[in-house]
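# Close look at the chain arrangement
Spelled out from the first residue to the last, the chains are:
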Amino acid sequence: MDTRIEIKKGDITKLQVDAIVNAANSSLLGGGGVDGAIHRAGGKQILDECIAIRNKQGGCPTGEAVITTGGKLPAQYVIHTVGPVWNGGKRNEAQLLANCYTNSLKTAVDNGIKTIAFPNISTGIYHFPKLQAAEIAVTTVSEFLATNESLKKVIFICFDDENYRLYEELLR
Ligand code: AR6
């Protein structure tokens, strides 16, 4: 396992990293879950930047990522990615979730980001099965890091106990 990968339990909005990743929706206008928490803690500047991106490119497709500053957050940037809604697994959900991790990391590298934290994308309101999502997250990030030297730390921050246990087992 890549020694740059860490797992933590808690609230992503409290982390002092270069970038935190948001599990957004394609409107980029905010919502519940981690998205709601990030916009509440980061303040209006994040929403204003999301609206500007939306006006330019019309939202964010599933699996893609966009970047804003972190507003009032301790993190300097927020990378907003849109996870797939779980629909039974035959609608390309696995590939789309992998794309979220890869495209977020590419966006990070393009912006000189060295430390980044991911929430457990799609495993809340979007109902992606947690074990499969964790396997995809760990595999995809590990593969990316294998060909990248600029990233120094990738944190998987788990809000619920079940996800934390799954990541602990996978990374053991
Ligand atoms: N810090 C870290 N993780 C969190 C936090 C937090 N403060 N709050 C929740 N989580 P979800 P999704 C975890 O539902 O499934 C929104 O309305 C949570 O326990 O936030 O990708 C968006 O606007 C779960 O493990 O995102 C979209 O419409 C993980 O974050 C939709 O929800 C993701 O849960 C996206 O659904």
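Rules of the game
Numbers given to residues run from 1 along each chain, matching the order in which its sequence is written. pLDDT decides what is reported in this predicted model: residues at 70 or higher carry local features, side-chain atom pairs at 80 or more are listed and counted, and totals for whole chains, interfaces and linings draw on all residues regardless. In computing side-chain properties, one takes all heavy atoms of the structure into account and sets aside hydrogens as well as water. Stacked, tilted and edge-to-face pairs are distinguished by plane angle, under 30 degrees for stacked and over 60 for edge-to-face with tilted covering the rest, among Phe, Tyr and Trp rings (Trp via its six-membered ring) whose centres lie within 6.5 Å. Helix numbering and strand numbering both begin at the N terminus, where a helix is a DSSP run of H or I of at least 4 residues and a strand a DSSP run of E of at least 2. To sort residues, take the accessible area from a 1.4 Å probe on protein chains only and compare it with the maximum for the residue type: under 20% means buried, over 50% means exposed, and anything in between is partly exposed. Any pair of nitrogen or oxygen atoms within 3.5 Å is treated as a polar contact; in protein, a donor-acceptor pairing is required on top of that, and neighbouring residues in sequence qualify only through side-chain atoms on both sides. Any two residues whose heavy atoms approach within 4.5 Å at even a single point are treated as in contact. For this purpose, a residue is taken to be near a molecule or strand whenever a single non-hydrogen atom of the residue falls within 4 Å of it. All accessible areas in this document rest on Shrake-Rupley with a 1.4 Å probe, and a residue is counted as covered only by the protein chains that are shown. A pocket here means an open set of points on a 1 Å grid, computed over the protein atoms alone, that has protein on both sides within 12 Å along at least five of seven lines. A cavity is instead a set of points where a 1.4 Å probe fits but cannot get out; residues with an atom within 4 Å of a point line either one. To qualify as sitting in a cavity or pocket, a molecule needs more than half of its atoms within 2 Å of the grid points. Two cysteine sulfur atoms make up a disulfide if the distance between them is within 2.5 Å. A residue's pLDDT is the confidence the predictor assigns to it, expressed on a 0 to 100 scale. Criterion for a salt bridge: a side-chain nitrogen of Lys or Arg within 4 Å of a carboxyl oxygen of Asp or Glu.

## Quick word on the packing of aromatic side chains
Evaluation of the coordinates by the stated rule reveals five aromatic pairs. When the ring of W86 is compared with that of F128, the centres are 4.8 Å apart and the planes differ by 65°; the resulting orientation is edge-to-face. Note that W86 is positioned in the loop between β4 (77-82) and α3 (93-110) and F128 in the loop between β5 (115-118) and α4 (130-146), a separation of 42 residues in sequence. Residue F128 is classed as buried on the basis of its relative accessible area, which comes to 1%. An aromatic cluster is defined as three or more aromatic residues linked by ring pairs; in this entry it consists of Y101, F118, F156 and Y167.

## Overview of the side chain of T107
Tracing the backbone shows T107 in helix α3. Note on T107: relative accessible area 13%, which makes it buried. Among the polar contacts listed, one links the side chain of T107 to the backbone oxygen of N103, at a separation of 2.8 Å. Once residues lying within four places of it in the same chain are set aside, the contact partners of T107 are A65, I67 and I79.

## Thoughts on the site of the ligand
Around the ligand, 23 residues are found, and the nearest of them are N25, G32, V34, D35 and I125. A distance of 2.7 Å is found between an oxygen atom of the ligand and a side-chain nitrogen or oxygen belonging to N25. For the ligand, an oxygen atom lies 3.3 Å from a polar atom in the side chain of D160. In isolation the ligand has 700 Å² of accessible area, and contact with the protein removes 91% of it. When each cavity is represented as a set of grid points, the ligand is found to reside in the largest pocket. Counting residues per element, the ones that place at least two in the shell around the ligand are β2 (19-24) and α1 (33-42). Top element by residues in the shell around the ligand is α1. It accounts for four residues.

## Description of the state of the cysteines
Scanning all chains against the criterion turns up zero disulfides. Here C50 stays free of any disulfide, with the sulfur of C60 as its closest cysteine sulfur at 9.3 Å.

## Here's the deal with the confidence of the model for the chain
Per-chain confidence: the chain averages 98 in pLDDT, with 100% of residues scoring 70 or above. Complex prediction metrics read pTM 0.99 and ipTM 0.99.

## Re the pattern of salt bridges
Under the definition given, this model contains six salt bridges. Where K153 meets E6, a salt bridge forms, and the shortest distance between an N and an O atom there is 3.9 Å. Pair noted here: K153 is in strand β6 (residues 153-158) and E6 is in strand β1 (residues 5-9), with a separation of 147 residues, a long-range link. By relative accessible area, which is 31% here, K153 ends up partly exposed. E162 serves as the salt-bridge partner of K130, at 3.4 Å between the closest nitrogen and oxygen. Separated by 32 residues along the polypeptide, K130 in helix α4 and E162 in helix α5 (residues 161-171) bring together distant segments of the chain.

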